[in-house]
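Residue strings, one per chain:
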Amino acid sequence: GKAPIKVVLTGAAGQIAYSLLPKLLDGSVFGADQPVFLGLLDIQPSMTMLGGVIMELEDLAYPCYAGSVGTTDPAVAFKDADVCVFLGAFPRKEGMERKDVMGMNVKIFNEQGAAVAAHAKPTVKCLVVGNPANTNAAILLSAMGGKIPAKNVTALTRLDHNRATSQLAMKAGVAMTDVAGVFIWGNHSSTQYPDVRHATVKGTPALSVVDAAWLEGEFITKVQKRGAAIIEARKLSSAMSAAVAIADHLRDWIKGTNGRAVSMAIFQSEGAYGVDSDICYSFPVTCDQGEWTIVMGLPIDAFSKTRMDATHKELKEERALAEELIKP
Ligand code: NAX
């Protein structure tokens, strides 16, 4: 059979990892014939918990499981990695200063970026999920010092993309597969812009099928604030839907999208849609043979431009703050 690939999760004892791990081993992401060896990184207080998670991985008795290493050492976790998913981060909690949270993340992602550059395969694909995901991805890429190509570092906006697609399908009363062309621009934050101006419902422009006032108002805020609504109700952040979105992102990136466009936060160097190359911004992309390509040439009207600029501005500010904290 095939040689195992190594897939690394940071924050491997956490709640997203718990929902994600079975999906990484059931053949739906990497293929039913692809064995997966797991590098599971977490911090010391979570090691007992991680031991329990590894027992459950064994108990799945999945054919694709080729073993795992649970560790607090990034050098061990990232050694020869093919795919890395960064779940472990310091999200902002109530009453915390943005700067303090960013300081914690600069430390984590600087260390992990250096470890990936030193120990992972040069072809490694990275997906940052831990918040602030886009800016953590920027810190990670900087810390890699050019050893890993920028195109291999992405952040997750697929959950937002799936939320937006689902909301539109429900409103139009159609199946999920009848909706296409919904995209997320910018930051995985409340400034993200879920864009339906290129979307279709059963091939007809969404704006002519669904109430435009709803699409330009409630729809946008609902998608932007969905994460907060789930925390409010569950007292925990999204995990099941986040895990599925991560699996969707990885599968599409690796296996391709057959021309279908999805949302991924990426670094591009072409000035696409006026976005700076050193920030991780969500774009509509298609994927083929392990590479993403931005969907270019979409007409952007004034309504979209204002919102795309606002989320761009927020990302530039986050990036500037991170840079300030990186300086010794
Ligand atoms: P949990 O708190 O359940 O798990 C986080 C895990 O990370 C813990 O086991 C913790 O010990 C570990 N950890 C902390 N610092 C670490 C370090 N330096 N190295 C390795 N591991 C470390 O969080 P969970 O619910 O799994 O969420 C993980 C992250 O995803 C959070 O930052 C969360 O904000 C973010 N999210 C991002 C989403 C996105 O769409 N981009 C959506 C879901 C989620 O909110």
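Only a predicted model underlies this, so the values are computations on that prediction, with no experimental measurement involved. (Residues numbered from 1 in each chain as written. Predicted model: local features only at pLDDT ≥ 70, side-chain atom pairs only at ≥ 80, totals over all residues.)

Take the overall build of the chain next. Within the chain one finds 12 helices and 14 strands. Here the C-alpha atoms of the chain give a radius of gyration of 19 Å, agreeing with the 20 Å that 2.2 N^0.38 yields for 328 residues. For the chain, with 328 residues in total, the buried portion stands at 45%. (Helix = DSSP H or I, 4+ residues; strand = E, 2+ residues; numbered from the N terminus. Rg over C-alpha atoms; globule rule 2.2 N^0.38 Å. Buried ≥ 20, exposed ≤ 12 C-beta atoms within 10 Å, placed from the backbone.)

One way to put it is that helix α6 (residues 158-172) packs onto helix α11 (residues 240-255) with a least axis distance of 8 Å and a crossing angle of 105°. One element, α6, and the other, α11, form an angle in the roughly perpendicular class. Across from R158, L159 and N162 in α6, the residues of α11 making contact are S241, A242, A245, D248 and H249. When the residues that make up the contact of α6 with α11 are grouped by side-chain class, the tally is 3 nonpolar, 3 polar and 2 charged. (Axes fitted to C-alpha atoms, helices over the stretch in contact; angles between N-to-C directions. Parallel < 35°, antiparallel > 145°, perpendicular 65-115°, else oblique. Contact = placed C-beta atoms within 7 Å. Nonpolar A, V, L, I, M, F, W, Y, C, P; charged D, E, K, R; others polar.)

To continue, consider the domain arrangement of the chain. You can read the domains of the chain as domain 1 (5-155) and domain 2 (158-316). A C-alpha centroid distance of 23 Å is found between domain 1 and domain 2. With 24 residues of domain 1 in contact, the opposing surface of domain 2 contributes 24 residues. Of all elements in the fold, only α1 (15-25), β4 (83-86), β5 (125-128), α5 (133-143) and β6 (153-155) reach the threshold of two or more residues within the side of domain 1 that touches domain 2. Of the residues that constitute the side of domain 1 that touches domain 2, the class distribution is 16 nonpolar, 5 polar and 3 charged. (Domains from an automatic or database assignment.)

Here the focus is helix α2 (residues 47-60). Between its first and last C-alpha atoms α2 spans 20 Å; for 14 residues at 1.5 Å apiece the expected length is 20 Å, and the two agree. Listed in full, the buried residues belonging to α2 are L50, V53 and L57. The buried residues of α2 all sit within an arc of 55° when viewed along its axis, so they share a single face. In α2, those exposed residues whose orientation departs by more than 90 degrees from the buried face are T48, G51, G52, M55, E56, E58 and D59. Elements in contact with the buried residues of α2: α1, β2 (36-41) and β3 (65-71). After α2 finishes, the residue A61 shows a positive phi value of roughly 55°. (Expected span 1.5 Å × (residues − 1). Arc of directions from axis to C-beta.)

With that settled, consider the UniProt feature "binding site: substrate" (unreviewed entry) in the chain. Those places that UniProt annotates as "binding site: substrate" (unreviewed entry) correspond, in this numbering, to R92, R98, N131 and R163. Spanning 72 residues, the annotated positions stay apart in the fold, the maximum distance between their C-alpha atoms being 25.9 Å. Following the sequence through the fold, R98 ends up in helix α4 (residues 98-119). Within the secondary structure, N131 sits in the loop between β5 and α5. Since 20 C-beta atoms lie within 10 Å of it, N131 is described here as buried. Not counting residues up to four positions away in its chain, the partners in contact with N131 are A89 and P91. (UniProt positions renumbered as here; feature names shortened; annotations may be inferred.)

In this structure, C84, V129, A137, L140 and I246 are the most contacted members of the largest nonpolar core, which totals 96 residues. Both domains that furnish three or more residues to this core are identified here as domain 1 (5-155) and domain 2 (158-316). Beyond its immediate stretch of four places on either side in the chain, A137 contacts V128, V153, T154, A155, A265 and C280. (Core = buried A, V, L, I, M, F, W, Y, C linked by C-beta atoms within 7 Å.)

Looking now at the UniProt feature "active site" (unreviewed entry) in the chain. Following the UniProt record, one finds the feature "active site" (unreviewed entry) at H188. With respect to the helices and strands, the residue H188 is situated in the loop between β8 (183-185) and β9 (193-195). Judged by the 28 C-beta atoms lying within 10 Å of it, H188 is buried. Setting aside residues no more than four positions away along its own chain, H188 makes contact with A133, N134, A155, L156, T157, D160 and A265.

Turning our attention to the site of the ligand. The local shell around the ligand holds 28 residues, among which G11, G14, I16, G88 and A242 are the closest. A per-element tally of the shell around the ligand places α1 first, with 3 residues. (Near = placed C-beta within 6 Å.)

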